[in-house]
Every structure is written in structure tokens, then in C-alpha cells.
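A structural walkthrough
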Amino acid sequence: MVRKEIKILNKHGLHTRPATALVTLISKFKSDVFLEYNGVRVNAKSILGLLVLAVEPGAILIVEANGIDEQEAVDNLDRLAQQKFNLE
Amino acid sequence: MKTIKGVKISSGVVSGPVFYFERGKFTVPKHFIREEDFDSEFERFNTAIRKSKDELTQVRDLVHNHLDEDHARIIEAQLLAVQDEEMITAVRELMIREKRNVIWAYFEVMDDYEKLLLKTLSQFFKERTADLKDIKKRVIYHLSHEKDIIQPEILKPSIIVAEKMSPGDLMHIDHNLTLGIITRYGGVDSHAGILARAFRVPYISNINMIQEIVSYSEIILDADNEMVLLDITDDIKASYESRIQDFRRHRDNIISDKVANSTKDGVPYHIYLNAGFVDEVRAMDPALIQGIGLFRTEFLCIERNSIPDESEQFHAYKAVLEKMNDLPVVFRVYDFGRDKLLAMLDLEILQEDHVFDEWGGIGFLLDNPEILKAQLRAILRASAYGNTRIMLPLVMFVDEVVRTKEILETIKSELKREGLAFGENIELGAMIETSSVLEELDELAKHVDFFSIGTNDLALFLLGSGRTTGLTKNYYHPKIFRAIDKIIKASNKAGIPVDVCGEMASDPYALIGLTAIGIRSISVSSGALAAVSDEVSKIDVQQCSLLVDSILSADDAFTIYSQLKKFYHEQLE
């Protein structure tokens, strides 16, 4: 299992477009990936779960991955978040 | 009494109770399922998701290729949401645990997501509930075989009051129960507006006091004078009574007599119907009309917020043909301008957009052959059930017609191989509405069976004005009449028929001008049919032909307009 904190830098937080980019990326990995925010934990492959988290700008999320490509999944997600999901 | 001013979208006068329409409010059919039915019920859900996914994928690709990346991402999000694994698991568990039918379970799960979104502090996330409603509507559409499941519960004929009305919303409302429409947002060119006019539902918009209207039990909607009357007294009601009755008669009687088939002096004349909705055609009596001169197929897409698959299209076209018995029906293949694509997706429209983008019409379809092929297959299969013609919109080059004919031939051999029936000798026509094709009319005439003049777009191309600004009377311009004259001459030379299917044909003065220069066949919307028929039967072709020279040599639109107006009042009234 790999755990890491990632910061959401996008202006409006993890809204529809960055959430779409996140789910699209994570769905490529075989591992189970979860995100935790304000004590709520959701499946990172679920766009609906991600949207209802309503992650605010500047928020810190905990990402947790379990599976054969867990490290890769977390690293890729971290990089994407730092690049503001290639949106801004 | 109190009045509120608005903007007319569709004319008429009605009185009645108010129904407040909220988007995405459905009556959910709820029942319990037996254990042995669980698998088939859940399988229906999988099928509905798969169909929704296919539609959204096609829409996303279209938007991506023809609009922009940004809008494509919104569709991408819907695509992910419609097949969200967590959501599907939750629905499945709810079905097992509570033995609920799938629509009920699905609604509940989606409702929970909506509630969670609404609970968030950020306005930005709250607004996303609109997306969830769209997704829900799409999946429910595929889950429900009966259309009425997604209709809001209007129990008696009412005036619908809403913030906004999308074409999709309008389609799901029972026309017989909709007396009129009042909204805060909505424009004349909106597709909800086109629909309201097609079904003759009075509609006014730009009304800010929606909530106040809702508090009244009975109101008068006077769309002709662009106002809503509240707090109506018996006197006011009595003074409106005859106008309301007149409108009701006009609305119920689309046309009461057979449309005219010749002019006053016995010159044969064809008057066809423009339509875009299957329901609209169902309301017509084929014994009274001569056929459908323009069936706008893209309206099927606007109704459904996606491009229907071949089978769905086939059933729609077949229904139209069967209703029309053996009268001709001209199916115009999809005419997707950027505006129609946006309307289909029901996205907030960028108002500044130009109508004639670099794509649209047949050129766009040839760039997206899978869409064109599915549509042509559907039309050809339906052609076994009636008198079918095919028309290509916005033809720019002869080559586009040649390529379309090749595709048609390929499809015909496919259908033969598959043992599927289709009509023989299906005529193919081209719409003449761009400036570039005006230079190739003789060559074009060799490849098609008829011409049809789209005056709205022709005016845009020749005069270059936007659809929203001052289009109203610009077809009186001498350039338009000279272009139409040129088209008539080319069609006569080639021996193929020509008609006018644009708005111009239903303008009483312009119709005289068209007839004067040689038009003998027109296609107009159902609302204009009775008036146009009456006018044609009163026109004396010999008399109006005397106007030809002065029309074709006029310097400006006003000269033509005044002449035609004078002729109309002297000869026809």
C-alpha cells in the first residue's frame, strides 16, 4: 500500500474538469485507489464520488493505492495535480 | 389587475391555471421486484447505460472535432458519470436489499449524489447538479419504454411557468396539457421556441417575476401583446374571451380545407408542409395536404440530446411516411450548424457564434461519414413504407452530391445483400442556399432530381447579415430575387422541379414576388399553411407576372417591398 498527500492547486478546486482528468488517469491503473478529504473516503475511479467531495482550492488530499502498480498510480497522480491537471 | 411585460417567442392568447415546471422532476414508477426477475431487471440497467455511453461517446467526439476541447471535457465528465462503478454497485445493492425496481433504485442513488452536492458550500459544485440531472434523464430515457415516465405530472391543461425550458423538457411535456409557456430565460431563435411555434403553443420569455406568477391560480397569457395578466377580473376575462376562443380554433384546426393546388387563374401550384417532429406530422390530416416538402431531421437529435441510432431513426421516418400515405416526404439529412449542435447538447450557447461556420450541412456529414451512413440507411429502409425523397442541405460543391450518391449506392447494395427492402427511384435533391453553388447550377442540375431554395441561409450568404440582427425582411433584397430567378432558369433548362422552403414563402408579400418570377411550388410551416393556401387561390399569375421586370431590375429592397405590398392590397384583398 502506498499513501501520499497531494495538494489541489486549481483555482476552483477539484471541479468537473480536473476531476475528469483525475478519473481518466487513475482508471488506467489496475490498483484500487482511494482519496480521503475531510474524513470522507471515496474511490478515485468514481467521478460522482469525487465531485461530492467538493474539494476546495488549496486542499490537501490523502491518496491511497493498493495493487501491482500502486506506486506508479500515486506518482502519476501527484504529478498531474502539480500540473493543475493540465488545465490552467 | 396587474400586467407583466415579456418578449414574444410564439404567438397566441390563452387563459388558465399555472403549472410550475422544475427541471429534472420526474414521477418515478415504484414497485417491488421478485427475486427471479432481478437479473433481467438489472440487465435492462446495463443496456441503458451502454446506450447512454454510446450516445455520449459520439457526442463527445463531435464536440471534440468540431467545437472545442473545453466543451468536450464536459461531455467526457458525463460519460464517466454515466458508467460510474460506485454508482452502479450502489444501485445493484439497493435493488437486492430493498427489492426495488431499477428506475426507483437508480433515482434514489442519483438523488443521494445530488443532495451531497447541494450540501457543499461552494456554488461551483452546487451547479453541477444540473449535469447529474442530464445524465439521469438520458439513462431513464433508455430504461423506460413508455415515454410518459419522464413527463412531469401535469394533471389538467395549464400554462407552464419555468426558469428555462430546453427542447428536451418541452418534448417531455404533453402538448395537449400545455396551454402556454412563460420563462425567465429563452430566445426567439432557441430551439424550444421553434418547437413552441411548431405546436402553436403561446410562449413569452424574459419574465423576471416567475415566482410571483406561480402564486396566482388563474392568469391570461397574451403573447401577441407580449404580456401576462394577473389578478384578472371578470370584466377583463370577458373582454378576452373572443380572442381566446379564436386562438383555440386556430390552434386546434391546423387546416380545415384541402390546401389550394392552383391559383385563381388555374395555374397548378404545390404547397407542401415543413415539419421537424413526428408528433407534428401525426397531427396532420394527409387528405388535406400535398406532402411534406421539408422534414428537418436534425430536430430528432435536438429532442433526444444525441444522434439517434439507425433503428430509432428508421422508426421515426417510417412513422412519418406511413402517416402521409403515399404523399411525397422530403427528408433533409442533418443540417448541423454550430448552433444546432449546441442546442442538441443543450449547452449554454455562445450567442456571438456565426450561423454559417465553415462546416454544416452536407459538407459536415461527409466529414463524418458514419453519421451520414447511419442516416441514409435509416431513410432508405423507411422508404419501403412511402414516397421518399432525400435532400442535401447547404450544398457548396457538385462534388458533395457525387460523393453522397456513391454512398447511397453502396448502402443500396448492402441492403440488398442483407435482404432489407427499400423504395425504388428515390429522388435526390439539393438545397440551393450558398453563394458558391450559385456558380455551378447547370452542372449540379445534372446530378440531382430537384432543387429546393433555402431563402433564410441564402439571404445570410448573399447579404452577409447575422441571423439575430435584422433578418426579418432582408429577403426583399433585389439580390435575393435575382438569385432565385437564376435558380429557376437553371432548373427549367435542366427540366427539374424547383421549390422554395424558406421563411420567405410564408410572407404574404414575398410570396407574390416569388410567384411573379416563376415559383410554382413552396413548402411552409403548419402555422402558415392555411393563410398561404388562401393567398395562392387568390393570386392571378398573369397579373402578377407583370411585376417581373420591375422586381428583377429594382435597386433596393424597399422598392420591391412597396410594390408587392401595393399589389397585395389592390389585387388580393
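Turning next to the overall build of chain A. Each helix and strand counted, chain A has three helices and four strands in total. What you see in chain A, going N to C, is helices and strands ordered as β-α-β-β-α-β-α. Relative to the globule expectation of 12 Å for 88 residues, the C-alpha radius of gyration of chain A, 11 Å, shows essentially globular dimensions. Counting only C-alpha atoms, chain A reaches 35 × 25 × 20 Å along its principal axes. Every one of the 88 residues in chain A was classed for burial, and the buried ones make up 41%. A separation of at least 24 residues holds for 74% of the contacts in chain A among residues at least 6 apart in sequence.

All names here are of chain B. Read across the sheet, five strands follow the order 2-7-6-5-4 without closing on themselves; strand pairing throughout is mixed. Two strands bound the open sheet, and with one partner strand each, they are strand 2 (7–10) and strand 4 (18–20). Neighbour to neighbour, the strand axes of the sheet diverge by 25 degrees on average, direction disregarded. Strand direction decides the pairing type here: strand 6 (residues 178–183) and strand 7 (residues 203–205), joined by two bridges, are parallel. Looking at strand 7, one finds that Ile 182 is bridged to Ile 204.

As a further point, take unusual backbone geometry. Positive phi values are uncommon outside glycine, yet Phe 85 of chain A reaches one of about 55 degrees. On the secondary structure map, Phe 85 of chain A appears in the segment after helix 3 (70–82). Phi is positive for Leu 394 of chain B, close to 50 degrees, though the residue is something other than glycine. Along the chain, the position of Leu 394 of chain B falls in the loop between strand 13 (387–392) and helix 17 (398–418). By C-beta crowding, Leu 394 of chain B is classed as buried, having 26 other C-beta atoms within 10 Å.

Residues and elements named next belong to chain B. Here chain B averages 87 in pLDDT, and 89% of its residues register 70 or above. In this model, residues 348–358 is a region of pLDDT below 50 whose contacts with residues beyond four sequence positions or in other chains number 16 contacts. Here residues 466–472 is a poorly scored stretch, pLDDT under 50, and it has nine contacts once near neighbours within four places are set aside; other chains count. Overall fold confidence (pTM) sits at 0.79, and the ipTM for the predicted complex is 0.94.

In this section: the interface of chain B and chain A. Listed per partner, the contact involves 18 residues of chain B and 17 residues of chain A. Here the side of chain B that touches chain A takes six residues from helix 2 (residues 69–82) of chain B, the largest share from any one element. A per-class count over the side of chain B that touches chain A returns ten nonpolar, two polar and six charged.

With that settled, consider helix 13 (residues 310–323) of chain B. Residue and element names in this part refer to chain B. In this model, helix 13 (14 residues) spans 20 Å end to end at C-alpha, consistent with the 20 Å of a helix rising 1.5 Å per residue. When helix 13 is considered as a whole, its buried residues turn out to be Gln 313, Phe 314, Ala 316, Tyr 317, Val 320 and Leu 321. With its buried residues spanning 165 degrees around the axis, helix 13 presents them on a single face. Structurally, helix 13 contributes buried residues whose contacts are with helix 11 (278–282), strand 11 (292–296), helix 12 (298–304), strand 12 (328–332), helix 16 (369–382) and strand 13. Following helix 13 by one or two positions, Asn 325 adopts a phi angle in the positive range, close to 50 degrees.

Definitions and cut-offs
- Residues numbered from 1 in each chain as written.
- Chains lettered and ligands numbered in written order.
- Predicted model: local features only at pLDDT ≥ 70, side-chain atom pairs only at ≥ 80, totals over all residues.
- Helix = DSSP H or I, 4+ residues; strand = E, 2+ residues; numbered from the N terminus.
- Rg over C-alpha atoms; globule rule 2.2 N^0.38 Å.
- Buried ≥ 20, exposed ≤ 12 C-beta atoms within 10 Å, placed from the backbone.
- Contact = placed C-beta atoms within 7 Å.
- Pairing = 2+ DSSP bridges.
- Axes fitted to C-alpha atoms, helices over the stretch in contact; angles between N-to-C directions.
- pLDDT = per-residue confidence, 0-100.
- Nonpolar A, V, L, I, M, F, W, Y, C, P; charged D, E, K, R; others polar.
- Expected span 1.5 Å × (residues − 1).
- Arc of directions from axis to C-beta.

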